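# Descriptive structure summary
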Amino acid sequence: MLLFFILGLFVHFVFFTSIFDVYFTSPLVHGMTPQFTPLPPPAKRLVLFVADGLRADTLYELDENGNSRAPFIRNIIMHEGSWGISHTHVPTESRTGHVALIAGFYEDVSAVAKGWKENPVEFDSLFNESKYTWSWGSPDILPMFSKGASGDHVYTYSYGAEIEDFGSHDATKLDTWVFDNVKDFFHAARNNQSLFSKINEEKIVFFLHLLGIDTNGHAHRPSSREYKDNIKKVDNGVKEIVFLFKHFYGNDGKTTFIFTSDHGMTDWGSHGAGHPSETLTPLVTWGAGIKYPQKVSAQLFDDAFLKEWKLENWKRQDVNQADIAPLMASLIGVPFPLNSVGTLPVDYLNNTDLFKAESMFANAGQILEQFKVKMAQKKEVTLPFLFTPFKLLTDSKQLNILRKARSFVKQRKYDEVVSICKELIRLALKGLSYYHTYDRLFLGVSVVLGFVGWTSYASLLIIKSHFHLTRGVSKELKKPSHLMPCSFVAIGILVAFFLLIQACPWTYYVYCLLPVPIWYAVLREFQVIQDLVTSLLTFPLSHFASYLLVFALGIEVLVLSFSYRYMLTAGLVAFAGWPFFTQLWTRARVTSVSWIFFCLLLAVFPLMPVIGRKPDISLVMGAGSLVLLLSLFVIKSLIKRKESFMNEELLIHLFQLLSIVLSMYVVYSTHRSLLRKQGLPLMNQIVSWTILASSFVVPLLSPMILFQRLFSILLSLMSTYLLLSTGYEALFPLVLSCLMFAWIHMEQEILQQSNISFKQKLTSITFSCNSDITQFRQLYLDDIRRAFFFVFFLVTAFFGTGNIASINSFEPTSVSCFLTVFSPFMMGALMMWKILIPFVLVMCAFEAVQLTTQLSSKSLFLIVLVISDIMALHFFFLVKDYGSWLDIGTSISHYVIVMSMTIFLVFLSGLAQLLTTKKLKLCGKPKSHLM
């Protein structure tokens, strides 16, 4: 059985990683020829302002007094330049946003996880193509473009990471630091001849990364006075820098200014998904080569923004975020970034029609180069008779379009040149996508074959080992046939040879060869399959159909709950009616009432909002108070029951009560301190980390008795969960745990009514008894229900207070008791632990259910594995590669979540067993109770 679990872990790891080869591969190709506009550019230098986390509506709208929060930027819109909205792509994170702005392509999601400061893949950028680039700002952003640049011409000036503090008194100091250092830089340049000559060169870029708005948005939300005041300070800082450049360069009219943002921010202070508040960012351009404001009587856009912003008379020109990179390259005359997929927005250019036509021609050539390289790479590793070229852009069609474009240039039909080049770009981008996803169907079929085979094998193993269906199978030994193993070996060799001649990556071998041994193992159990079919034929058809319908309906409810959380409410309400369909309502009235009450109470949480909620510390305090009251009640009952409880056990419980009190105090005082902008008190931070660390150890000191150990685990995890809570979600683990206790009692009552002998009471069962449970009994239909309950409660634990398929559905300030200095991976780890705490509570309860029902954990775990795999296969078919970026990202994340859940079940099961079955002593050597 151990070998089976190791094999299962490997198989699920392969299925999990397959999604990155199927959907999350890097779109980059190398080996293209640089393309640039041959005509003299309008600007010598470009200044790029990126206000991190700035929403378009917050910048453009007027305040309650009818005044602009950014009067200088608004004056530019109305008198000097062009403006619009830059539409970003998912994930709306700083890394991907800046890569799209400066390199012109949309980085695949996996790159965000691989690193923020380092480049997981090499890519070209505007900075790399420039003569010189100077940049100021965050140490999390600037190194991406300096370390990826060739040569030594990209210079970075960053502040220390420690001042990126969400609890800081004034986050605008991040932007003030940038503005002050730019001023000092130009002041020093007057006395440094080498630097002075460099900054007077052509094709140079100045990049100002302004992080204050994003920091204030996370800490105080975009509707706060801090966020809006930061916009005013940025506007004033931009004004000073613009005047500085004009004065330094003597108003030579050769400087272009671009003001934009990498992403927006939701009303609740987060980003990462596809909400319009995250994907709509401002774009304001002015200076050399930029078209002046155009008064219009009608606009192309049917949204209500223009009237709200009082800008309906000034022409709005929207772009995709990647379009800004070719715009900047065209303005200063450098080659377009080699991997850019942006289309030059020619309507922003104030230049001759010839310049616009030549720029578009170079833009089309640059994207066509990527298409050619991608096609050549795919053709090289595909057998000629299997290669299917992209039919909409054949070699002859490419030449035809290029000839037409050059002919139109000679005829001075510049509008036609722009039009035909846009069409060429559209086809080339479509072709790039075609070749990028060329192997997707092939890989998908391989993964599905493996998936179905593994699920079938696990199901057969359950039937063979734990049901009575195969007891009648003849045990007579038959002479083994070599035909089937030889056939599968031959299939494996053919598949490997096919992959070898196509020079496929080694991961392809894993995906394509894995189904071979899996299906061989399935077909070896042919006798079990035959016996199962025979048994099912003797089963009443109506009963079989009803059981199958209920099982399918349950699976669908679980699948739908990933997109519609209220399905969890429907499931919990249905669970509440369970006692009425059994004898429990008459034989165990109190237990049934508890089960119904907590099912209905827990059903409220999925109906609560997961996003947009405001922090409510009073609810956190209320949750802590309820835990204290419950603890006092439990301690009182234990003291009455056991005289010896006054010793070591009482000390442990008092320490846990103290942890709860300290957690409540830390949450309250930290919240007040942050409101006063005094930052995170050091003592609060020390206490928080101490409570977190102790929560893993203290439960191991508690008695091994089932109820007391589970309650100790609840107290320890609740003390940590309170520190990570900002509102009603603090009540969720408490209600969930109460339901888990009711579930354990319900299962014991069910077992007592069955034919299975049961002599122990819950008050006398200890977790150390688990070592004797291996094969106490066979599986029954009730065990399938128990496994389904477990999976349902796991999904409820995940989605009860948040949608983990969406990055922005969790409160970013929930980690403020532990740290406020920006650290994406540490913050992510803390939020992940917050997500897993309810998961661990369910796992521990499941361990207790297995113990009280005298059922092998391996047996029940196999059923859970099959249910999870059926869900994962369902989500694999639901993965989209079309539609909105939000739809694509959500569909992929659902599959990743289910596969992660299946893999982590093994590890969290081990953690639950550690928390429930291990015992440490306060004095002397640790004592371990084996399972």
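Residues numbered from 1 in each chain as written. Predicted model: local features only at pLDDT ≥ 70, side-chain atom pairs only at ≥ 80, totals over all residues. Heavy atoms only, no water.

## Some remarks on the pattern of salt bridges
Overall, the coordinates contain 17 salt bridges when judged by the stated rule. As a salt-bridge pair, Asp229 and Arg225 come within 3.3 Å of each other at their nearest N and O atoms. Highlighted residues: Asp229 and Arg225, both in helix α11 (residues 225-248), separated by 4 residues, approximately one helical turn. One salt-bridge network, held together by shared partners, links Glu747, Asp783, Arg785 and Arg786. (Salt bridge = Lys/Arg side-chain N within 4 Å of Asp/Glu carboxyl O. Helix = DSSP H or I, 4+ residues; strand = E, 2+ residues; numbered from the N terminus.)

## Observations regarding helix α10 (residues 212-220)
An α-helix turns once every 3.6 residues. As a result, residues three or four positions apart point the same way. Counting buried positions over the 9 residues of α10 gives 7, a clear majority of the element. All of the buried residues along α10 are Gly212, Ile213, Asp214, Thr215, Asn216, Gly217 and His218. Those residues of α10 hidden inside the fold are in contact with β1 (45-51), α8 (173-189), β5 (204-210) and α11. In the stretch just after α10, Arg221 is the one whose phi turns positive, near 80°. (Buried < 20%, exposed > 50% of the residue type's maximum accessible area, 1.4 Å probe, protein only. Contact = heavy atoms within 4.5 Å.)

## What about the layout of surface pockets?
Each pocket or cavity is described by its volume, and for the second largest pocket that value is around 1800 Å³. Around the second largest pocket, the lining comprises 38 residues; the ones closest to its centre are Tyr547, Leu548, Phe551, Leu781 and Ile784. Mapped onto the lining of the second largest pocket, the elements with two or more residues apiece are α18 (440-466), α22 (526-538), α23 (541-561), α24 (566-576), α32 (781-799) and α34 (857-878). Here the lining of the second largest pocket is built from residues that sort into 31 nonpolar, 5 polar and 2 charged. (1 Å grid on protein atoms, 1.4 Å probe; cavity = no way out; pocket = protein on both sides within 12 Å on 5 of 7 lines; lining within 4 Å. Points joined across faces, edges and corners; volume = space filled by probe spheres on them. Nonpolar A, V, L, I, M, F, W, Y, C, P; charged D, E, K, R; others polar.)

## Some points on the state of the cysteines
Covalently bonding the sulfur atom of one cysteine to the sulfur atom of another cysteine gives a disulfide. Across all of its chains, the model carries 0 disulfides by this definition. A disulfide-free cysteine, Cys512 has its sulfur positioned 7.2 Å from the sulfur of Cys504, the nearest such atom. Residue class for Cys512 comes out buried when judged on its relative accessible area of 9%. (Disulfide = S-S within 2.5 Å.)

## A word on the sheet that holds strand β6 (residues 255-260)
Strand order in the open sheet formed by 8 strands is β4-β3-β5-β1-β6-β7-β2-β8, and the pairing between neighbours is mixed. Taken across any chain shown, the strands that pair with only one partner, and hence form the sheet edges, are β4 (154-158) and β8 (319-320). Bridge count between strand β3 (residues 132-137) and β5: 5 bridges; the pairing is parallel. Bridging across to β5, Ser135 finds its partner in Phe207. Along the sheet face, helix α3 (residues 71-79) touches β2 (82-87), β6 and β7 (280-287) and points at about 65° away from the line of β7. Helix-sheet contacts for α8 involve β3, β4 and β5, and the interaxial angle to β5 is about 150°. (Pairing = 2+ DSSP bridges. Axes fitted to C-alpha atoms, helices over the stretch in contact; angles between N-to-C directions.)

## Focus on the side chain of Ser816
Summarising the element assignment, Ser816 is placed in the loop between α32 and α33 (824-852). Setting aside its immediate chain neighbours within four residues, Ser816 contacts Thr670, Leu674 and Leu680.

## Structural notes on the side chain of Ser702
Mapped onto the fold, Ser702 is located in the loop between α29 (682-694) and α30 (706-723). Ser702 sits in the buried class, given a relative accessible area of 1%. At 2.6 Å, the side chain of Ser702 and the backbone oxygen of Pro699 are in polar contact. Here Ser712 takes part through its side chain, which lies 3.5 Å from a polar atom of the side chain of Ser702. Once residues lying within four places of it in the same chain are set aside, the contact partners of Ser702 are Ile652, Arg709, Ser712 and Lys919. (Polar contact = N/O pair within 3.5 Å; in protein donor to acceptor, adjacent residues only side chain to side chain.)

## Observations regarding the nonpolar core
With 159 residues, the main nonpolar core has Trp595, Phe793, Met871 and Tyr895 as its most contacted residues. If you tally residues by element for this core, the top one is α33, at 18 residues. Sequence-distant contacts of Trp595, that is, excluding residues within four places in its chain, are made with Phe575, Ala576, Trp578, Pro579, Leu739, Ala742, Trp743, Met746, Phe789 and Phe793. Of all hydrophobic cores here, the second largest spans 65 residues; its members include Leu28, Leu101, Phe127 and Ile141. (Core = buried A, V, L, I, M, F, W, Y, C linked by side-chain atoms within 4.5 Å.)

## So, the pairing of β3
For β3, the tally of buried residues reaches 6 of 6 residues, placing the bulk of the element in the interior. Of the pairings in the sheet, the one linking β3 to β4 comprises 5 bridges and is parallel in character. Counterpart to Trp136 in the pairing with β4 is Tyr157.

## Concerning unusual backbone geometry
For Arg221, which is not glycine, the phi dihedral falls at a positive 80°. For Ala503, which is not glycine, the phi dihedral falls at a positive 50°. The residue Ala503 is located in the loop between α19 (483-501) and α20 (506-513) in this model.

## A closer look at the confidence of the model for the chain
Scored by pLDDT, the chain comes out at a mean of 84, with 88% of its residues at no less than 70. Between residues 470-477, whose pLDDT stays under 50, and residues either more than four places distant or in other chains, the model counts 7 contacts. When the criterion is pLDDT under 50, residues 804-809 qualifies, and its contacts beyond four places in sequence or with other chains add up to 25 contacts. (pLDDT = per-residue confidence, 0-100.)

## Some words on the environment of Trp454
With respect to the secondary-structure elements, Trp454 resides in helix α18. Taking relative accessible area as the criterion, Trp454 reaches 1% and is therefore assigned buried.

## Topic: the packing of α23 against α32
Contact geometry for α23 and α32: axes closest at 10 Å, N-to-C directions at 10°. Overall, the two elements α23 and α32 adopt an arrangement that is roughly parallel. On the side of α23, the interface is formed by Tyr547, Gly554, Ile555, Val557, Leu558 and Ser561, while α32 contributes Leu781, Phe788, Val791, Phe792 and Val795. Residues of the contact of α23 with α32, tallied by class, amount to 9 nonpolar, 2 polar and no charged. (Parallel < 35°, antiparallel > 145°, perpendicular 65-115°, else oblique.)

## Considerations on the environment of Leu905
Positionally, Leu905 belongs in helix α35 (residues 885-917). A relative accessible area of 0% places Leu905 in the buried class. Distance in space between the C-alpha atoms of Leu905 and Val864 is 9.4 Å, their sequence separation being 41 residues.

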